[in-house]
Protein chains: 2
Amino acid sequence: MDVNELARQLEQGERRALARAITLVESGRADHRVMAAALLDRLAGLGRQALRIGLSGTPGVGKSTFIEAFGLHLTGQGLRVAVLAVDPSSARSGGSILGDKTRMELLSRDPRAYIRPSPSQAHLGGVARRSRESVALCEAAGFDVVLVETVGVGQSETLVAGMTDLFVLLLAPAGGDELQGVKRGIMEMADLILVNKADGDLKPAAMRTVADYAGALRLLRKRPQDPAGFPRVLPVSAVAGDGIAQAWADMTALADWRRTHGHWARTRAEQARTWFEDEVRQALLARLTEDPALRARMHDTGDAVASGRRSPASAAADILSQL
Amino acid sequence: MDVNELARQLEQGERRALARAITLVESGRADHRVMAAALLDRLAGLGRQALRIGLSGTPGVGKSTFIEAFGLHLTGQGLRVAVLAVDPSSARSGGSILGDKTRMELLSRDPRAYIRPSPSQAHLGGVARRSRESVALCEAAGFDVVLVETVGVGQSETLVAGMTDLFVLLLAPAGGDELQGVKRGIMEMADLILVNKADGDLKPAAMRTVADYAGALRLLRKRPQDPAGFPRVLPVSAVAGDGIAQAWADMTALADWRRTHGHWARTRAEQARTWFEDEVRQALLARLTEDPALRARMHDTGDAVASGRRSPASAAADILSQL
């Protein structure tokens, strides 16, 4: 594979080059990692930036329907949209529940849209790294908006928030005045909360849920990266198309404010530094399993520890003194 | 400090030696780590085993009262009991909310009991490692039962379950038929669920909660390490002392069955191997921050990445090639 040629095609927005580049960064092979690093380095020089939007929502809130409606709204304005997924469950299930093109039929056929399913990787850290690099590839390919979707479980929101400029939480209408078990930590990450299914019978419940979350957001402490009125809660109906334009207007207003006030650049710089440190840590740990001789020594020493002949602490010190 | 002398005193069950040894394993100093490894190695040869019990419960379920009643029940039978804590919040709060002796007044004055508060450490991984080593020290000091308590948040249950033979979940009576937001993953770890406060006005609610969880447990898949009837739910009243003897009888029955059927030894061997591998990983990562020259290089390279001049992937590859 010629990395320079791939970079050139990708810069010109060729979809097949983008797909090949994402496959390259998703690969765990050492030679592929070297090529991926060279490609990413070269593309970093372009300085192209998309609006990166993180989107989280538990199954059943209508995430695919929302992405389809939202994505078509953007492409209808001439914007190019990429949809990526960070799917913590794909490691277990082997399959992908996010980013499935069949769930977004119109958007997947739109020439201005690119949908990439979540890679099946061994662990969430690996999925995250590859997703971050895929976001950078989509930016270099000239997409205006990169939407990174995840399902509302565990640490995946934190990972997605760490690779995006805005974080959107999609909810379904809740019964009564209960907050839907959304963890405080996730609420604190959200820039925009969208209550979907604000249509038909569910509309009153959706409006109540909007009011409940607006109240809850007022209790959170003010963040420096928020202008007046943010974080904000809006009702939307992905099926009817209601509220989609308003949601997009809010996102661009927030992004513009953050750009003007220096938060955008600062957040991106911090995120890049975190990726780098994380990459060093992951690669260092990978050495333990990649080298066959070291792997064998880890296994044998582990046997001695498992049998009770050695303490884990001294056995570990032994291994480390040999590294 | 003479490690051999410390080991000798600790083997004889001297409480001050145990306290000093735990302080040693809790230390982050490199020379202390070396001594701790030597001490643990030497004590591993003793082959002493306690029944290690993990206990989790959110604040308000009466954990301290239960530990006091349970611990006194055991010491009353002539058993020696150590109580340790894994407190994920201590890193943040700086203080210890678990293992506070003032919460267990009678037990803390019992000569057969030893209570050690949670260490204040920088991160949960560090707390976990030191707690695992403290468990090994208590075993070597001849305790019959080592109780490791944690609060029901985040990953701390998984860590505690990974260093114990039995995992007990303590709950409060819930209103109606709702399950108390206990995560499925935590339920799946539990060998015994105890519904506390089964006394006075709360007794009917406690019995309903027992029935609810018994139903929920039947839906979980059968684990090979469980005899018939386990995992099990019991009502207890720490205040009245009801159900404590039954809970202990269930724990010993389960432990005996697992010993007889090989699960005990297998689980311990797997846990020891995991500790060892974890210790190697932690120590490897610690090298990144311990060496001043490397730390400076990480910082400078991080600046280049933050400014957008380099991609995280290639910058990380650079650092790694120099290690």
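Residues numbered from 1 in each chain as written. Chains lettered and ligands numbered in written order. Predicted model: local features only at pLDDT ≥ 70, side-chain atom pairs only at ≥ 80, totals over all residues. Heavy atoms only, no water.

A. How the structure looks around helix α4 (residues 63–76) of chain A. All names here are of chain A. Taking 1.5 Å as the rise per residue, α4 with 14 residues should run 20 Å; its terminal C-alpha atoms sit 19 Å apart, in good agreement. With 10 of its 14 residues buried, α4 lies for the most part within the structure. Regarding α4, the residues found buried are Lys63, Ser64, Phe66, Ile67, Glu68, Ala69, Phe70, Gly71, Leu74 and Thr75. Of the residues one or two after α4, Gly78 is the one with positive phi, at around 85 degrees. (Helix = DSSP H or I, 4+ residues; strand = E, 2+ residues; numbered from the N terminus. Expected span 1.5 Å × (residues − 1). Buried < 20%, exposed > 50% of the residue type's maximum accessible area, 1.4 Å probe, protein only.)

B. Spotlight on the environment of B:Lys197. Residues and elements named next belong to chain B. Looking at the secondary structure, you find Lys197 in the loop between β6 (192–195) and α10 (203–219). Taking the C-alpha atoms as reference, Lys197 lies 6.4 Å from Ala172; in sequence the two are 25 residues apart. Each residue touching Lys197, except ones within four places of it in the same chain, is listed here: Gly60, Val61, Gly62, Pro173, Leu202, Lys203, Ala206, Val236 and Ser237. Polar contacts involving the side chain of Lys197 include one to the main-chain carbonyl oxygen of Gly60, which spans 2.6 Å. (Contact = heavy atoms within 4.5 Å. Polar contact = N/O pair within 3.5 Å; in protein donor to acceptor, adjacent residues only side chain to side chain.)

C. Region of the structure containing unusual backbone geometry. The amide bond that connects A:Phe230 to the next residue, A:Pro231, takes the cis arrangement and shows omega of -5 degrees. Take A:Pro231: it is sitting in the loop between α10 (203–219) and β7 (232–235). The backbone phi angle of B:Lys197 is positive, close to 65 degrees, even though this residue is not glycine.

D. Region of interest: the interface of chain B and chain A. Each partner contributes to the interface: chain B provides 39 residues, whereas chain A provides 39 residues. In total, chain B and chain A occlude about 3,400 Å² of area from one another, counting both sides; carbon and sulfur atoms represent 73% of this. Across the chain B-chain A interface, the total number found is 4 salt bridges. Counting across the chain B and chain A interface gives 10 residue pairs in polar contact (both at pLDDT 80 or more). Among the secondary structure elements, those contributing two or more residues to the side of chain B that touches chain A are α3 (30–44), α12 (263–290), α13 (292–306) and α14 (312–322) of chain B. Broken down by element, the side of chain B that touches chain A gets its largest block of residues, 14 residues, from α12(B). Of the residues that constitute the side of chain B that touches chain A, the class distribution is 22 nonpolar, 7 polar and 10 charged. (Buried area = accessible area lost by both parts, 1.4 Å probe. Salt bridge = Lys/Arg side-chain N within 4 Å of Asp/Glu carboxyl O. Nonpolar A, V, L, I, M, F, W, Y, C, P; charged D, E, K, R; others polar.)

E. Just the relation of the copies chain B and chain A, in detail. Least-squares fitting of chain B to chain A yields an RMSD of 0.3 Å, with the transformation described by 0.0 Å of translation along the axis and a rotation of 179 degrees. The two molecules are tied by a two-fold rotation axis, judged by turn and shift. When the interface residues of chain B are mapped onto chain A, 100% of them again lie at the interface, so the same face is used by both copies. (Least-squares fit on C-alpha atoms with pLDDT ≥ 70 in both.)

F. Main features of the pairing of strand β4 (residues 145–150) of chain B. Residue and element names in this part refer to chain B. Taking burial as the measure, the 6 residues of β4 include 6 buried ones, the bulk of the element. Neither face of β4 is exposed, since Val145, Leu147 and Glu149 on one face and Val146, Val148 and Thr150 on the opposite face are all buried. The pairing of strand β1 (residues 51–56) with β4 spans 6 bridges and is parallel. Opposite Leu55, over in β4, you have Glu149 as the bridge partner. Here 6 bridges tie strand β2 (residues 81–86) to β4, and the two strands are oriented parallel to one another. Within the sheet, the bridge partner assigned to Ala85 lies in β4 and is Glu149. (Pairing = 2+ DSSP bridges.)

G. Region of the structure containing the pattern of salt bridges. Residues and elements named next belong to chain B. Per the counting criterion, the structure on display carries 44 salt bridges over all chains. Put simply, Glu279 and Arg33 hold a salt bridge, and the shortest N to O gap is 3.0 Å. Of the two residues, Glu279 sits in helix α12 while Arg33 sits in helix α3, which places them 246 residues apart along the sequence. An identical accessibility class is assigned to Glu279 and Arg33; each is buried.

H. Representation of the sheet that holds strand β1 (residues 51–56) of chain A. All names here are of chain A. In spatial order, the strands read β3-β2-β4-β1-β5-β6-β7; together these 7 strands make up an open sheet with parallel pairing. Two strands lie at the open edges of the sheet, namely β3 (113–115) and β7, each paired on one side alone. In this sheet, adjacent strand axes meet at a mean angle of 20 degrees when their direction is disregarded. Sheet topology note: the strand β6 (residues 192–195)/β7 ladder contains 4 bridges and is parallel. (Axes fitted to C-alpha atoms, helices over the stretch in contact; angles between N-to-C directions.)

I. Inspection of the packing of helix α13 (residues 292–306) of chain A against α12(B) at higher detail. Remark: α13(A) packs on α12(B), axes separated minimally by 8 Å, with the N-to-C direction vectors making an angle of 130 degrees. In terms of orientation, α13(A) and α12(B) fall into the oblique class. Where α13(A) crosses over α12(B), the two elements pack in a sense that is right-handed. Side by side, α13(A) and α12(B) meet where A:Met298, A:His299, A:Thr301, A:Gly302, A:Asp303, A:Val305 and A:Ala306 of the first sit next to B:Ala269, B:Ala272, B:Arg273, B:Phe276, B:Glu277 and B:Val280 of the second. Among the residues making up the contact of α13(A) with α12(B), the classes are represented as 7 nonpolar, 3 polar and 3 charged. (Parallel < 35°, antiparallel > 145°, perpendicular 65-115°, else oblique. Left-handed = near helix turned anticlockwise from the far one by under 90°.)

J. Main features of the side chain of A:Glu133. Position of A:Glu133 among the secondary structure elements: in helix α7 (residues 124–140). Looking at A:Glu133, the relative accessible area reads 6%, which means it is buried. Not counting residues up to four positions away in its chain, the partners in contact with A:Glu133 are A:Val25, A:Arg33, A:Leu40, A:Glu279 and B:Ala313.

K. Local environment of the environment of B:Arg80. Residues and elements named next belong to chain B. The topology assignment puts Arg80 in the loop between α4 (63–76) and β2. Looking at Arg80, the relative accessible area reads 22%, which means it is partly exposed. Residues Arg80 and His32, 48 residues apart in the sequence, show an inter-C-alpha distance of 28 Å.

L. Here's a closer look at the confidence of the model for chain A. Residues and elements named next belong to chain A. Confidence along chain A averages 88 in pLDDT terms, with 90% of residues attaining 70 or more. Element-level pLDDT for chain A is lowest in helix α5 (residues 90–93), with a mean of 42, against a maximum mean of 97 in helix α11 (residues 244–260). Interface confidence in the predicted complex, given as ipTM, is 0.79; pTM for the same model is 0.73. (pLDDT = per-residue confidence, 0-100.)

M. Spotlight on the sheet that holds strand β5 (residues 166–171) of chain B. Residue and element names in this part refer to chain B. The parallel open sheet is built from 7 strands, whose spatial order is β3-β2-β4-β1-β5-β6-β7. Two strands bound the open sheet, and with one partner strand each, they are β3 (113–115) and β7 (232–235). Taken pair by pair, the neighbouring strands of this sheet meet at an average axis angle of 20 degrees, ignoring direction. Set on the sheet, α4 makes contact with β1, β2, β3, β4, β5 and β6; between it and β4 the angle comes to about 180 degrees.

N. Just the packing of aromatic side chains, in detail. Going through the model one piece at a time under the given rule, you end up with 6 aromatic pairs over all chains. Taking 6.3 Å as the distance between ring centres and 45 degrees as the angle between the ring planes, the aromatic pair formed by A:Tyr114 and A:Phe143 counts as tilted. Of this pair, A:Tyr114 sits in strand β3 while A:Phe143 sits in the loop between α7 and β4 (145–150), and the two are 29 residues apart along the sequence. For the pair formed by A:Tyr114 and A:Phe143, the shared burial category is buried. Plain terms: the ring middles of B:Phe70 and B:Trp248 are 5.9 Å apart, the flat faces sit at 70 degrees to each other, and that makes the pair edge-to-face. Of the two residues, B:Phe70 sits in helix α4 while B:Trp248 sits in helix α11 (residues 244–260), which places them 178 residues apart along the sequence. By the ring-pair criterion, three or more aromatic residues cluster together here, those being A:Phe66, A:Phe70 and A:Trp248. Here the guanidinium or amino end of A:Arg80 rests over the ring plane of A:Phe143, the centre of that ring lying 4.2 Å away. (Phe/Tyr/Trp six-rings, centres within 6.5 Å; stacked < 30°, edge-to-face > 60°. Lys NZ or Arg CZ within 6 Å of the ring centre and 35° of its normal.)

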